[in-house]
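Structural characterization, general
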Amino acid sequence: MRTVKWNQNNYTLEMIDQRLLPVEFKVNEYSDYRDVAQAISDMVVRGAPAIGGAAAFGLAVAAYQSDAQTVDELREDLNQAVRVLEKARPTAVNLSWALKRIMRRTADVADSPDALREAVLEEAQKIADEDVQINKNMARHGAELIDDGDTIIHHCNTGALATVDWGTALGVIRTAHEQGKDIHVLVDETRPRLQGARLTAWELDRYNISYDIISDNMAGHFLSTGQVQKVVFGADRVAANGDVANKIGTYMLALAAKDNDVPAYSVVPTSTIDLSLASGDQIPIEERAVDEVLGLTLMGQKVAPEQASARNIAFDITPNRLISGIVTENGVVYPPFDVNLPPVVPED
Ligand code: MRU
């Protein structure tokens, strides 16, 4: 099943509740766009392209939940929904990209509120369907970089769960595996939300791909002892100069990869590339509630002292000098990224 899916029977959005995996596979149903926004904030759904898909269908939910009788009234309700949805998480640009695209492409629909509702849903569905195809195209390009026998470090979760289906960096690994390449994945557990240990490992089990979970601080050891040939990760936003915002820990991983001459690739749909930002220092970085850090338990006990304080930065910026290539649906882009990225990003 897709991570996010429209249910035409009752005009609701269905989403896999990723907070519960791998213990429980549960699908939640949403009929209020405010609940969709909350689900994005709470990470029921996460991963940049999946967040984009959820926001797109969230707008369709808003269109059908509105009882507006005129096109103007409905547009007002949609604008309000955009304002709520776009605040759900700040770093993944796919969220605002999807909302802007729907509003732009439905701007001329003026026949009736129902025509506008249908147009919003149609565009949301297009975004979701395109995402799957885009992932497969990225995966084909990226798989050419993977050699038979490679051991690959992968950070966070970038698989089917992080997208509408298939995956970005993990999609590359899946496709290379399907091509018959013998691959082993070192799965960064990805503190503090453990997307690697919980979600990537769950997906790799389903695809029968060989892996070991490692704690994030083991990556340097595996790189410096020559046990890793590639490092792959996704991104939540890529600036025009190729600086990459991705899950916290990516920067340290890319530094260690560079120091050991191991290529590090970021795999992203072009909807994740934000050409309006010149460099990574302009990308908004999310800081989340500290209970995600302090809630860790070991042998049934909270690890940190009761009064401990903490910080919980959700993403970091990996400067372009540490990135060997950016894999997109339109091909692999190599440095200099400020010159080579803009031509692969479609205007619309
Ligand atoms: O906080 P998350 O789990 O939403 O972060 C996800 C990531 O950092 C992924 O690497 C990123 O979205 C790209 S993968 C599709």
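It should be emphasised that the depicted structure is a prediction, and the values quoted were computed from it without experimental measurement.

Here we look at the site of the ligand
Not every one of the 18 residues close to the ligand is listed here, only the nearest: Ala48, Arg89, Asp236, Asn246 and Lys247. Gly47 has a polar backbone atom sitting 2.9 Å from an oxygen atom of the ligand. Its free accessible area being 410 Å², the ligand has 100% of it covered by the protein chains. Under a 2 Å grid-point criterion requiring more than half of the atoms, the pocket assigned to the ligand is the largest cavity. Across the shell around the ligand, the residue classes break down as seven nonpolar, seven polar and four charged.

Quick word on the pairing of strand 3 (residues 27-30)
Where burial is concerned, the two faces of strand 3 differ: the one with Asn28 and Tyr30 is buried and the one with Val27 and Glu29 is not. Examined bridge by bridge, strand 2 (residues 12-16) and strand 3 share four bridges and lie antiparallel to one another. Its bridge partner being in strand 3, Ile16 is matched across the sheet by Val27.

Quick look at a negative patch on the surface
A contiguous patch of negative charge, built from Asp67, Asp72, Glu73, Glu76 and Asp77, is present on the exposed surface. Note on Asp67: relative accessible area 64%, which makes it exposed.

A few points about the pairing of strand 9 (residues 244-247)
Regular strands place their side chains on alternate faces of the sheet. Sheet analysis places strand 8 (residues 237-239) next to strand 9, joined by two bridges and oriented antiparallel. In the strand pairing of strand 9, Val238 is matched with Val244. Between strand 8 and strand 9, which pair antiparallel and follow one another directly, the connecting turn spans four residues, one of which, Gly242, has a positive phi of 90°. Here four bridges tie strand 9 to strand 14 (residues 315-318), and the two strands are oriented antiparallel to one another. Each residue of the ladder has a partner; that of Lys247, found in strand 14, is Phe315.

Things to note about the packing of aromatic side chains
Enumeration according to the criterion identifies five aromatic pairs in this entry. Centre to centre, the rings of Trp6 and Tyr11 are 6.5 Å apart; their planes meet at 65°, and the pair counts as edge-to-face. Looking at Tyr11, the relative accessible area reads 36%, which means it is partly exposed. Aromatic pair Phe25 and Trp202: ring centres 6.2 Å apart, planes at 20°, arrangement stacked. Linking Phe25 in the loop between strand 2 and strand 3 with Trp202 in helix 7 (residues 195-207), this pair joins segments that are 177 residues apart in sequence. Put simply, the rings of Trp6, Tyr11, Phe57 and Tyr64 touch in pairs and so form one group of aromatic residues. Directly above the ring of Tyr33 sits Arg34, whose terminal nitrogen or CZ lies 5.5 Å from the centroid. Directly above the aromatic system of Phe315 lies the positively charged group of Lys247, at a separation of 4.2 Å from the ring centroid.

Digging into a nonpolar patch on the surface
Where nonpolar side chains cluster on the molecular surface, the patch consists of Leu296, Leu298, Met299 and Val303 and spans about 440 Å² of accessible area. On the secondary structure map, Val303 appears in the loop between strand 13 (301-302) and strand 14.

With respect to unusual backbone geometry
Geometrically, the link from Arg191 to Pro192 is a cis peptide bond, its omega value of 0° lying close to zero. Mapped onto the elements, Pro192 comes out in the loop between strand 5 (184-188) and helix 7. Of the consecutive residues Pro335 and Pro336, the connecting peptide bond is found in the cis state with omega at 0°. Tracing the backbone through its elements, the reader meets Pro336 in the loop between strand 16 (331-333) and helix 11 (337-340). A positive phi angle, close to 70°, is found at Thr190, a residue other than glycine. With respect to the helices and strands, Thr190 occurs in the loop between strand 5 and helix 7. With a relative accessible area of 0%, Thr190 lands in the buried category. We note that Asp261 has phi near 55°; this positive angle belongs to a residue other than glycine. For Asp261, the location among the structural elements is in the loop between helix 9 (250-259) and strand 10 (264-267).

About the criteria used
- Residues numbered from 1 in each chain as written.
- Predicted model: local features only at pLDDT ≥ 70, side-chain atom pairs only at ≥ 80, totals over all residues.
- Heavy atoms only, no water.
- Near = heavy atom within 4 Å.
- Polar contact = N/O pair within 3.5 Å; in protein donor to acceptor, adjacent residues only side chain to side chain.
- Areas by Shrake-Rupley, 256 points an atom, 1.4 Å probe, with all protein chains shown as cover.
- 1 Å grid on protein atoms, 1.4 Å probe; cavity = no way out; pocket = protein on both sides within 12 Å on 5 of 7 lines; lining within 4 Å.
- Sits in = over half its atoms within 2 Å of the grid points.
- Nonpolar A, V, L, I, M, F, W, Y, C, P; charged D, E, K, R; others polar.
- Buried < 20%, exposed > 50% of the residue type's maximum accessible area, 1.4 Å probe, protein only.
- Helix = DSSP H or I, 4+ residues; strand = E, 2+ residues; numbered from the N terminus.
- Pairing = 2+ DSSP bridges.
- Patch = residues over 30% accessible without salt bridge, like charges linked within 9 Å, V, L, I, M, F, W, Y side chains within 5 Å.
- Salt bridge = Lys/Arg side-chain N within 4 Å of Asp/Glu carboxyl O.
- Lys, Arg positive; Asp, Glu negative; His and termini not counted.
- Charge placed at Lys NZ, Arg CZ, Asp CG, Glu CD.
- Phe/Tyr/Trp six-rings, centres within 6.5 Å; stacked < 30°, edge-to-face > 60°.
- Lys NZ or Arg CZ within 6 Å of the ring centre and 35° of its normal.

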